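Summary of the model geometry
Chain by chain, the residues:
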Amino acid sequence: EWSPASFVESTVEELKAQLGNDRVILGLSGGVDSSVCATLLNKAIGKNLTCIFVDHGMLRKNEFAKVMEAYSGLGLNVIGVDASEKFFKDLEGVSDPETKRKIIGRDFVEVFNAEAKKIVDAKWLAQGTIYPDRIESLSITGMVIKSHHNVGGLPKEMKLQLCEPLQWLFKDEVRRVGRQLQMPERLINRHPFPGPGLAVRILGDITREKVRILQDADDIYIEEMHNYVCEDGDALYNKVWQAGTVLLSTIRSVGVMGDERTYEHPVALRAVTSMDAMTADWAHLPYDFMAKVSNEIINKVKGVNRVCYDISSKPPSTIEWE
Ligand code: XMP
């Protein structure tokens, strides 16, 4: 019978046997899967694990710093790379969603490889691939992560072998393993977040200023979601599969602030319930929660004068807007 405790015990033993004294590289994204994978490997091989966490500049507000801190609390050996300059430069003027993804994917591989190459004696590349990612056609997330990190994309001379200790697990099992490993709840309960990050949540081209506006609005939304306690005592954040904010920067609308007429961008709030991201329903968020978030965003985030809620389900819509 499967239990998180027996999984951890047997997997750590298997990893020790499989990896011996070899060095292993792992790409961390800040998400649940890669973080649990790293913690498991850390338990098995400790200092022989080197993690690489690339900041492309389109993470959430303060996310890079916060996640790096959480990782250091877990005792992980992490190289954090701030590559935002490169990504912003290469994305300049680009509005097409798939082109954004291609550029980010390509830059990511380049930055990751440059770091990986420095670990000259590495023998393995570990990935937090989970079972649904393996059913390729069923998981966009998995496909993109694969094209980001896969062995084919790594320097050929390194000849890394692939190590995927979570490959038979579903998301809820990964979370249970994380709890077994005593990882912080905040890390374990994190919503999925797309590899290209906020780049696919800004309609039109990307600038640092737009990212800042979106980060500020999103931070209010997500923090309030953590703070809002539901009847059963659990946070609203834990009731939804995924939530995020979209900056409709190709649209302007008129508003009024004090005596001033404003002509600014709207944001759309998105929250969905789902089992696997293949299908999703828009979440029926409480009105008092939405009212508070809307007020706060409009009052505090300069550049936003209207807040909308996305009431589309998947299909026929998608979770992300791009
Ligand atoms: P959609 O928008 O297709 O998203 O309903 C389904 C799930 O996949 C995530 N997503 C991505 N993840 N790279 C990723 O790593 C991407 O390019 C990407 N696009 C969408 C999305 O956040 C949701 O969880």
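Since this is a predicted model, take the numbers as computed values, not measurements.

Observations regarding the overall build of the protein
Along the backbone of the protein there are 11 helices and 10 strands. When the backbone C-alpha atoms are referred to their principal axes, the protein occupies close to 70 × 45 × 35 Å. Looking at the 322 residues of the protein, the share that counts as buried comes to 35%. Sequence-distant contacts in the protein: of pairs separated by 6 or more residues, those separated by 24 or more amount to 74%.

Overview of the domain arrangement of the protein
Looking at the assigned domains, one finds that the protein contains domain 1 (4-188) and domain 2 (202-309). The centre of domain 1, based on its C-alpha atoms, is set 28 Å off from the matching centre of domain 2. Each partner contributes to the interface: domain 1 provides 12 residues, whereas domain 2 provides 12 residues. Taken together, the residues of the side of domain 1 that touches domain 2 sort by class into six nonpolar, four polar and two charged.

Looking at the sheet that holds strand β2 (residues 49-55)
Read from one edge to the other, the open sheet built from five strands follows the order β3-β2-β1-β4-β5, with strand pairing classed as parallel. Because the sheet does not close on itself, it has two edges, and the strands there are β3 (78-82) and β5 (161-163). For this sheet, the mean inter-axis angle between neighbouring strands, taken without regard to orientation, is 30°. Sitting on the sheet, helix α2 (residues 32-45) touches β1 (23-28), β2 and β4 (122-126), and the angle it makes with β1 is about 160°.

Remarks on the confidence of the model for the protein
Of all residues in the protein, 93% have pLDDT values of 70 or greater, and the mean over the chain is 92. Counted against residues more than four places away or in other chains, residues 137-152, with its pLDDT under 50, gives 26 contacts. Model confidence for the complex is summarised by a pTM of 0.92, with the ipTM given as 0.99.

A short note on the packing of helix α1 (residues 4-19) against helix α8 (residues 171-180)
It is the contact of α1 with α8, at a shortest axis distance of 9 Å, that shows an interaxial angle of 75°. Comparing the axis directions of α1 and α8 gives the class roughly perpendicular. Contact with α1, carried on its side by Pro4, Ala5, Phe7 and Val8, involves Arg176, Val177, Arg179 and Gln180 of α8 and no other residues of that element. In the contact of α1 with α8, the residues fall into five nonpolar, one polar and two charged.

A short note on unusual backbone geometry
Cis peptide bonds are those with omega within 30 degrees of zero, and the linkage from Lys314 to Pro315 qualifies with -15°. Note on placement: Pro315 falls in the segment after β10 (304-309). Note the cis peptide between Pro315 and Pro316, where omega equals 5°. Here Pro316 lies in the segment after β10. A positive phi angle, near 60°, is found at Gln182, a position not held by glycine. With respect to the element layout, Gln182 can be found in the loop between α8 and α9 (185-188). At Ala277, a position not held by glycine, the phi torsion is positive, near 75°.

What to know about the environment of Gly244
Relative to the elements of secondary structure, Gly244 occurs in strand β6 (residues 242-247). For the pair Gly244 and Ile319, spaced 75 residues apart in the sequence, the C-alpha separation amounts to 9.5 Å. Among residues more than four places away in sequence, those in contact with Gly244 are Arg201, Asp218 and Arg270.

Brief notes about the pairing of β2
Burial runs high along β2: six of the seven residues are buried. Here β1 runs beside β2; their pairing, made up of five bridges, is parallel. Looking at the pairing, Leu28 lines up with Phe53 of β2. This β-α-β element, β1 to α2 to β2, shows right-handed connectivity. In this sheet, β3 lies alongside β2 in parallel orientation, the contact comprising five bridges. Each bridged residue has a counterpart across the sheet, and for Phe53 the counterpart in β3 is Gly80.

Structural notes on the nonpolar core
In terms of nonpolar packing, the biggest core is built from 73 residues, with Val24, Leu26, Leu41, Ala217 and Ile297 touching the most fellow members. Looking at which domains feed residues into this core, each of domain 1 (4-188) and domain 2 (202-309) gives three or more. Leaving out residues up to four positions away in the same chain, Leu26 has contacts with Ser34, Cys37, Ala38, Leu41, Leu49, Cys51 and Ala126.

Brief notes about the UniProt feature "binding site: ATP" (unreviewed entry) in the protein
Feature annotation in UniProt assigns "binding site: ATP" (unreviewed entry) to the following positions: Ser29, Gly30, Gly31, Val32, Asp33, Ser34 and Ser35. Looking at where Ser29 falls in the secondary structure, it is placed in the loop between β1 and α2. Mapped onto the elements, Ser35 comes out in helix α2. Residues within four places of Ser35 in sequence aside, it is in contact with Leu28, Met183 and Leu187.

Procedures and definitions
- Residues numbered from 1 in each chain as written.
- Predicted model: local features only at pLDDT ≥ 70, side-chain atom pairs only at ≥ 80, totals over all residues.
- Helix = DSSP H or I, 4+ residues; strand = E, 2+ residues; numbered from the N terminus.
- Buried ≥ 20, exposed ≤ 12 C-beta atoms within 10 Å, placed from the backbone.
- Contact = placed C-beta atoms within 7 Å.
- Domains from an automatic or database assignment.
- Nonpolar A, V, L, I, M, F, W, Y, C, P; charged D, E, K, R; others polar.
- Pairing = 2+ DSSP bridges.
- Axes fitted to C-alpha atoms, helices over the stretch in contact; angles between N-to-C directions.
- pLDDT = per-residue confidence, 0-100.
- Parallel < 35°, antiparallel > 145°, perpendicular 65-115°, else oblique.
- Right-handed = clockwise from strand over helix to strand, strands pointing away.
- Core = buried A, V, L, I, M, F, W, Y, C linked by C-beta atoms within 7 Å.
- UniProt positions renumbered as here; feature names shortened; annotations may be inferred.

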